[in-house]
Amino acid sequence: MGTKWTIDSEQSDVLIKNKHAIVAYIAGTSNKFKGDVAIKDDCIEDATIEFSLNVNNNESKLELMDTYLKINDFIDTNEYPMINFKSTSFQKVNKNINFLKGNLTIKNITRVIEFDTEFIGYSFYNGIKKASFEIKGMINRKDFDLKSNTIYQMGGIATGQDLLLEANLEFKV
């Protein structure tokens, strides 16, 4: 077990995007989450990352025909407010190419997923040591039973099958 670093939710964010009509992205951001990373002997190859994301704290950034397409159109955020991830492996290829594999849970459905991960590095701010990661990966909506609202399908807004998850995570000791 390495040093346990706690996520700094004020300095971290998650962006969830969905293509629609093959022209633009519908996006939602969120930064209300908790998590940690364990780094053994300052060696990032042995890192384990875990985080929980509260999807009720999000905003849509694209307005289309006076209607907002939100994450709630894919998932009942009142019934399933959390998205959870717990890594099972971290593979370092080189300084900037890493693969983070783990269990992603959405709507009480857990699937193994792999994220492209970049370890940004260590930094010090006001005497606090921090470690930063950038994580990107595609989530197939059907794997987690994330359906789009039929009103949008009938109204001419076709949504893509995949969601892009991008997380900029900063951890502190």
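Residues numbered from 1 in each chain as written. Predicted model: local features only at pLDDT ≥ 70, side-chain atom pairs only at ≥ 80, totals over all residues. Heavy atoms only, no water.

It is worth spelling out the pairing of strand 13 (residues 159-172) at this point. One ladder, built from 2 bridges, connects strand 1 (residues 3-7) with strand 13; its direction is antiparallel. Along strand 13, the bridge assignment pairs threonine 6 with lysine 172. Across 11 bridges, strand 12 (residues 128-140) lies against strand 13 in antiparallel orientation. Note that in strand 13 the partner of asparagine 140 across the bridge is aspartate 162. (Pairing = 2+ DSSP bridges. Helix = DSSP H or I, 4+ residues; strand = E, 2+ residues; numbered from the N terminus.)

Tracing the backbone through its elements, the reader meets asparagine 98 in strand 10 (residues 98-106). When near neighbours in sequence (up to four residues on either side) are disregarded, asparagine 98 contacts Phe90, Gln91, Lys92, Val93, Phe115, Asp116, Thr117, Glu118 and Phe119. (Contact = heavy atoms within 4.5 Å.)

It is worth spelling out the nonpolar core at this point. Counting 36 residues, the largest nonpolar core has Val37, Leu104, Ile106, Phe133, Ile139, Leu169 and Phe171 as the members making the most contacts within it. Residues contacting valine 37, with those up to four places away along its chain left out, are Thr3, Lys4, Trp5, Ala47, Thr48, Ile49, Phe133 and Phe171. (Core = buried A, V, L, I, M, F, W, Y, C linked by side-chain atoms within 4.5 Å. Buried < 20%, exposed > 50% of the residue type's maximum accessible area, 1.4 Å probe, protein only.)

A few words on the pattern of salt bridges. This model, assessed by the stated rule, comprises 5 salt bridges. Taking the shortest distance from any N to any O, the salt bridge between lysine 4 and aspartate 36 comes out at 3.9 Å. You can see lysine 4 sitting in strand 1 and its partner aspartate 36 sitting in strand 4 (residues 33-40), a full 32 residues away along the chain. The exposure class assigned to aspartate 36 is buried, which follows from its relative accessible area of 19%. (Salt bridge = Lys/Arg side-chain N within 4 Å of Asp/Glu carboxyl O.)

Here asparagine 108, not a glycine, exhibits a phi torsion of approximately 60 degrees, which is positive. Mapped onto the fold, asparagine 108 is located in the loop between strand 10 and strand 11 (109-125). Residue asparagine 108 is classed as exposed on the basis of its relative accessible area, which comes to 68%. Phi at aspartate 145 is positive, roughly 55 degrees, even though this residue is not glycine. Relative to the helices and strands, aspartate 145 resides in the loop between strand 12 and helix 1 (150-154). Residue classification places aspartate 145 among the partly exposed positions, given a relative accessible area of 33%.

Right, let's talk about the environment of leucine 164 for a bit. Within the fold, leucine 164 resides in strand 13. Using a relative accessible area of 15% as the deciding quantity, one classes leucine 164 as buried. Along the backbone, leucine 164 and glycine 137 are 27 residues apart, and their C-alpha atoms lie at a distance of 5.9 Å.

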